Amino acid sequence: MKTISLLGATGSIGVQTLDIIRKNPESFTLSAFSAGRNVDAARQIINEFMPDFVSVVDKDDAERLQSEYPNVQIMHGSQGLELAAVYYKADTLVNAVIGSVGLQPTLSAIDSGKTIAIANKETLVTAGHIVTAAAKKAGVELLPVDSEHSAIFQCMQGERNKNVSRIILTASGGSFRDKKREELADVTVAETLNHPNWSMGAKITVDSATMMNKGLEVIEAHWLFSLPYDQIDVILHRESIIHSMVEFHDRSVMAQLGSPDMRVPIQYALTWPDRLPLPDTMPLDLVEIGRLHFEKADFNRYRMLHFAYEAGRTAGTMPAVMNAANEEAVAAFLDGKLTFLQIEEMVERAMEQHNVILSPELGAIMESDAEARAFVRSFLS
Ligand code: NDP
Ligand code: MG
């Protein structure tokens, strides 16, 4: 039996994690969770799962919930989020919050010896060297939830890192994969949120359309699998059936395939090295699918991919700056304050004006993150 603390329980990954817990009560129990501002959803989760500890973003919401549920400990804000992550009854943290707000809770959970199932890729991008070093030192597992990284992790079972020649991340291409760059100038938020293969939270759906999601995943892969950037490739694969691949020195390539369903990688992170059935996921019918397609990922078309490799190779505070500028720019785009192409313009400018600090401590990373956010906000009215 695993006892889980789930950060971001009201989000896309959070809801799918709850579905796995719900369907496997003999394997999993939920002792703590965090929500953001969706208090109605938080209430439903409390009613169904009866956890001991809950955190929400706002103080008023926390007070209201506390008066409704006197037997549950309810906290709020960044402190509440961190306390949920280290809740003493939980042995496993599923981190499914969005954004670099997930960093500090992850570090605290590592320090308190929890197994970490990590969906929150922004954490690894922002401070991959600190997070992976802390996990190694504490001897805790950092298990990928992101489908590409889960695929690589699955292909690597029983293999040795030194035998890998490269990993190949697959990318669906997002909502605008059939549009040329010139056609992107006036795309709307609604068009951007219409992803062809995956139903996900708003921010990551925008990131998929700009290809920043794949850029973040390149940096995430660098840290999770300790590989240099010239051994990490991206190719377009529009069907999202091959979730990623590993090539070994003998040119043998391992791939992991499946219908696009995030519950597969989420559940694998929770059951590894075992597996549980997932009865209501679609079985893969390759005859029905017929063909799989692959294309080069063009760095001129998808400039964010180029920025991400550049940020990753520059290292230090640069990935944190790229990520923070992107988070702010995407939020502004969703808010109608920036156009789609201005998202990448903001990321490029924020990176250009940043004086990188190499081998930064956590404090310098947080400062660079805050500066990049302020820089982007200075362009918004
Ligand atoms: P969602 O936007 O759907 O959910 C985000 C969650 O975080 C919600 O529970 C939200 O609360 C909470 N939250 C938002 N802001 C804050 C904050 N400032 N403090 C505390 N909690 C907050 O995101 P996704 O589930 O799509 O993504 C979560 C993570 O998983 C991301 O890092 C993403 O990149 C990664 N990921 C997601 C995939 C997917 O299929 N969705 C696939 C692979 C990776 P509320 O809604 O209550 O306000
Ligand atoms: Mg992914």
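All figures in this text were calculated on a predicted structure; none of them were measured in a lab.

Conventions we followed
Residues numbered from 1 in each chain as written. Chains lettered and ligands numbered in written order. Predicted model: local features only at pLDDT ≥ 70, side-chain atom pairs only at ≥ 80, totals over all residues. UniProt positions renumbered as here; feature names shortened; annotations may be inferred. Helix = DSSP H or I, 4+ residues; strand = E, 2+ residues; numbered from the N terminus. Contact = placed C-beta atoms within 7 Å. Near = placed C-beta within 6 Å. Nonpolar A, V, L, I, M, F, W, Y, C, P; charged D, E, K, R; others polar. Domains from an automatic or database assignment. Pairing = 2+ DSSP bridges. Axes fitted to C-alpha atoms, helices over the stretch in contact; angles between N-to-C directions. Buried ≥ 20, exposed ≤ 12 C-beta atoms within 10 Å, placed from the backbone. Arc of directions from axis to C-beta. Parallel < 35°, antiparallel > 145°, perpendicular 65-115°, else oblique.

1. Comments concerning the UniProt feature "binding site: NADPH" (unreviewed entry) in the protein chain
- The positions that UniProt labels "binding site: NADPH" (unreviewed entry) are, in the present scheme, Thr10, Gly11, Ser12, Ile13, Gly36, Arg37, Asn38, Asn120, Glu122 and Gly201.
- Looking at the element boundaries, glycine 11 is found in the loop between strand E1 (2–7) and helix H1 (12–23).
- Structurally, the position occupied by isoleucine 13 is in helix H1.
- Residue contacts for isoleucine 13: discarding those within four places in its chain leaves Gly8, Ala96, Ala119, Val145, Met262 and Ile266.

2. Quick word on the site of ligand 1
- For ligand 1, the set of nearby residues contains 30 residues, the closest of which are Gly11, Gly36, Asn38, Met200 and Gly201.
- Considering only residue class, the shell around ligand 1 consists of 15 nonpolar, 10 polar and 5 charged.
- In terms of domain composition, the shell around ligand 1 takes at least three residues from each of domain 1 (2–144) and domain 2 (149–260 + 283–303).

3. Quick notes on the domain arrangement of the protein chain
- Under the domain assignment, the protein chain is made up of domain 1 (2–144), domain 2 (149–260 + 283–303) and domain 3 (315–381).
- Look at where the C-alpha atoms of domain 1 and domain 3 centre, and you get two points 26 Å apart.
- In this complex, domain 1 contributes 7 residues to the contact, which on the side of domain 3 involves 8 residues.
- Class assignment of the residues belonging to the side of domain 1 that touches domain 3 gives a composition of 3 nonpolar, 3 polar and 1 charged.

4. Notes on the sheet that holds strand E5 (residues 92–95)
- The sheet built from 7 strands is open, its strands ordered E4-E3-E2-E1-E5-E6-E7 with parallel pairing. Each having just a single partner strand, strand E4 (73–76) and strand E7 (142–144) make up the two edges of the open sheet. Sheet twist, expressed as the average angle between the axes of neighbouring strands with direction ignored, equals 25°.
- Inspection of the sheet shows strand E3 (residues 53–56) paired to E4 by 4 bridges, in the parallel sense. Bridge pairing in E4 places serine 55 opposite methionine 75.
- On the sheet, helix H6 (residues 121–138) packs against E5, strand E6 (115–118) and E7 and is oriented at approximately 160° with respect to E6.

5. Description of helix H2 (residues 39–49)
- Buried within H2 we find Ala42, Ile45 and Ile46. Along H2, the residues classed as buried sweep out an arc of 100° about the axis, all on the same side. Those residues of H2 that are exposed and angled more than 90 degrees off the buried face are Asp40, Asn47 and Glu48.
- If you follow the buried residues of H2, they end up packed against H1, strand E2 (28–34), E3 and helix H3 (59–68).

6. Re the environment of arginine 238
- Within the secondary structure, arginine 238 is located in the loop between strand E9 (232–236) and strand E10 (242–248).
- Accessibility expressed as a C-beta count within 10 Å gives 17 for arginine 238, which makes it partly exposed.
- Dropping the residues within four chain positions of it, arginine 238 is found in contact with Ser172, Gly173, Arg177 and His293.

7. Concerning the packing of helix H5 (residues 103–111) against H6
- Two elements in contact, H5 and H6, have axes separated by 9 Å at closest approach and are oriented at 5°. With respect to H6, the element H5 is oriented roughly parallel. Packed against H5, whose contacting residues are Leu103, Thr106, Leu107, Ile110 and Asp111, the element H6 presents Thr123, Thr126, Ala127, Val131, Ala134, Ala135 and Ala138 at the interface.
- The class makeup of the residues in the contact of H5 with H6 is 8 nonpolar, 3 polar and 1 charged.

8. Re the UniProt feature "domain: 1-deoxy-D-xylulose 5-phosphate reductoisomerase C-terminal" (unreviewed entry) in the protein chain
- Mapped onto the present numbering, the UniProt feature "domain: 1-deoxy-D-xylulose 5-phosphate reductoisomerase C-terminal" (unreviewed entry) falls on residues 142–225.
- Split by type, residues 142–225 is 43% helix and 13% strand. Its first and last C-alpha atoms lie 11 Å apart.

9. Quick look at the sheet that holds strand E8 (residues 164–171)
- The mixed open sheet is built from 5 strands, whose spatial order is E11-E10-E8-E9-E12. Because the sheet does not close on itself, it has two edges, and the strands there are strand E11 (253–257) and strand E12 (295–296).
- As paired strands, E8 and E9 are joined by 5 bridges and run parallel to one another. Residue pairing across strands places isoleucine 168 opposite aspartate 233, the latter belonging to E9.
- Lying over the sheet, helix H7 (residues 147–155) contacts E8, E10 and E11, oriented at roughly 40° with respect to E10.
- Here helix H10 (residues 212–225) sits on the sheet and contacts E8 and E9; the angle it forms with E8, its principal contact strand, is near 150°.

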